[in-house]
Amino acid sequence: VALLVVSEHAYRDTSAAMRGAVELSEARIMSVRLLQLLTDAEAAHYGYLVTGQPQYLARHADAKAELAQVQPAMAAFLTNHGADGAAAAQWVADFTQRELTRFDRTLALAQAGKPVEAAELARTDQRDMGMQALRTEMSAQLAHTNTRLQQARSDMHDELLVNRLG
């Protein structure tokens, strides 16, 4: 009976650790995808400013549309991990909205035949180091997630060892 209890306990703990590890892995993927989509939107924005070619507008719109799908899942993950996570989720949401609004304003100026004003707004963005701030925040979140993922792996190993001994 004792072996059955130990085995059941180890199974439940291992299952929980595995679910946590999968959740953390998915969060890492979402973080990288969010950053990639913002980078795509930024690159398309600059591509249009430089070339005036409409395919860049389509790439920008595609990145924005996918961001609208990825961001809520990322925010939910961060929010589920305490006040710091909720604050990070809000910061990322606010930042994303602010940058996309700035990209849209710049593109609108360029499309309205105001290339000088569009270029100045784009230069302002570069001086503000906006995207660098996001990259720094996302790197910190990824480092935190990696630490938690390593702990989940260790927990799974420990539980499997207990199960094996049982």
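Residues numbered from 1 in each chain as written. Predicted model: local features only at pLDDT ≥ 70, side-chain atom pairs only at ≥ 80, totals over all residues. Heavy atoms only, no water.

J.: Help me out: how do you make sense of the overall build of the chain in this one?
T.: What the chain contains, in helices and strands, is five helices and zero strands. Secondary structure elements in the chain, listed N-terminal to C-terminal, are α-α-α-α-α. Scaling as 2.2 N^0.38, a compact globule of 166 residues should have a C-alpha radius of gyration of about 15 Å, whereas the chain reaches 22 Å, well beyond that. Each principal axis of the C-alpha atoms in the chain carries an extent, and together these give about 80 × 30 × 20 Å. For the chain, the proportion of its 166 residues judged to be buried stands at 33%. (Helix = DSSP H or I, 4+ residues; strand = E, 2+ residues; numbered from the N terminus. Rg over C-alpha atoms; globule rule 2.2 N^0.38 Å. Buried < 20%, exposed > 50% of the residue type's maximum accessible area, 1.4 Å probe, protein only.)

J.: For this particular structure, what's the right way to read the pattern of salt bridges?
T.: Any two side chains of opposite charge can pair, on the condition that their charged atoms come close. As enumerated under the stated definition, the model contains four salt bridges in all. Close ionic contact of Lys64 with Asp104 constitutes a salt bridge, the shortest N to O distance being 2.7 Å. With a gap of 40 residues between them, Lys64 in helix H2 (residues 55-79) and Asp104 in helix H3 (residues 82-111) connect regions that are remote in the sequence. Using a relative accessible area of 28% as the deciding quantity, one classes Asp104 as partly exposed. Of the charged contacts in the structure, one is a salt bridge between Arg123 and Glu120, with a shortest N-O distance of 3.3 Å. Here Arg123 and its partner Glu120 are both found in helix H4 (residues 115-128), three residues apart, which amounts to about one turn of the helix. (Salt bridge = Lys/Arg side-chain N within 4 Å of Asp/Glu carboxyl O.)

J.: Sorry if this is basic, but what is going on with H3 here?
T.: Helical geometry note: an α-helix holds 3.6 residues per turn, so side chains three or four residues apart project in the same direction. In a regular helix each residue adds 1.5 Å, so 30 residues correspond to 44 Å; H3 covers 43 Å between its end C-alpha atoms and thus fits that length. Inspection of H3 places Gly85, Ala88, Ala89, Val92, Phe95, Thr96, Glu99, Leu100, Arg102, Phe103, Thr106 and Leu107 among the buried residues, and these make up the whole buried set. Phi turns positive one or two residues past the end of H3, at Gly113, with a value near 80 degrees. (Expected span 1.5 Å × (residues − 1).)

J.: When you look at the packing of aromatic side chains in this model, what are you seeing that I'm missing?
T.: Geometrically, a pair of aromatic rings is defined through the distance of the ring centres and the angle of the planes. Taken as a whole, this structure holds one aromatic pair when the rule is applied. Between Trp91 and Phe95, the aromatic rings sit 5.3 Å apart at their centres with planes inclined by 15 degrees, giving stacked as the arrangement. Remark: Phe95 and Trp91 occur in helix H3; sequence separation between them is four residues, near one turn of the helix. On the basis of relative accessible area, Phe95 is assigned to the buried category, the value being 1%. (Phe/Tyr/Trp six-rings, centres within 6.5 Å; stacked < 30°, edge-to-face > 60°.)

J.: Looking at this model, I keep getting lost on the environment of Tyr56. Mind explaining?
T.: By secondary structure assignment, the location of Tyr56 is in helix H2. Each C-alpha atom, one on Tyr56 and one on Asp40, is 9.9 Å from the other, the two residues being 16 residues apart in sequence. In this structure Tyr56 touches Ala44, Gly47, Tyr48 and Thr51, once residues within four positions along its chain are discounted. (Contact = heavy atoms within 4.5 Å.)

J.: Explain the side chain of His45 to me, please; I cannot follow it from the model alone.
T.: With respect to the helices and strands, His45 occurs in helix H1 (residues 2-51). The exposure class of His45 is buried, given its relative accessible area of 1%.

J.: Got a minute to help me understand the side chain of Ser31 in this structure?
T.: Along the chain, Ser31 turns up in helix H1. In this structure Ser31 comes out as buried when scored by relative accessible area, which is 2%. Those residues in contact with Ser31 that lie beyond four places of it in its chain are Met74, Met138 and Leu142.

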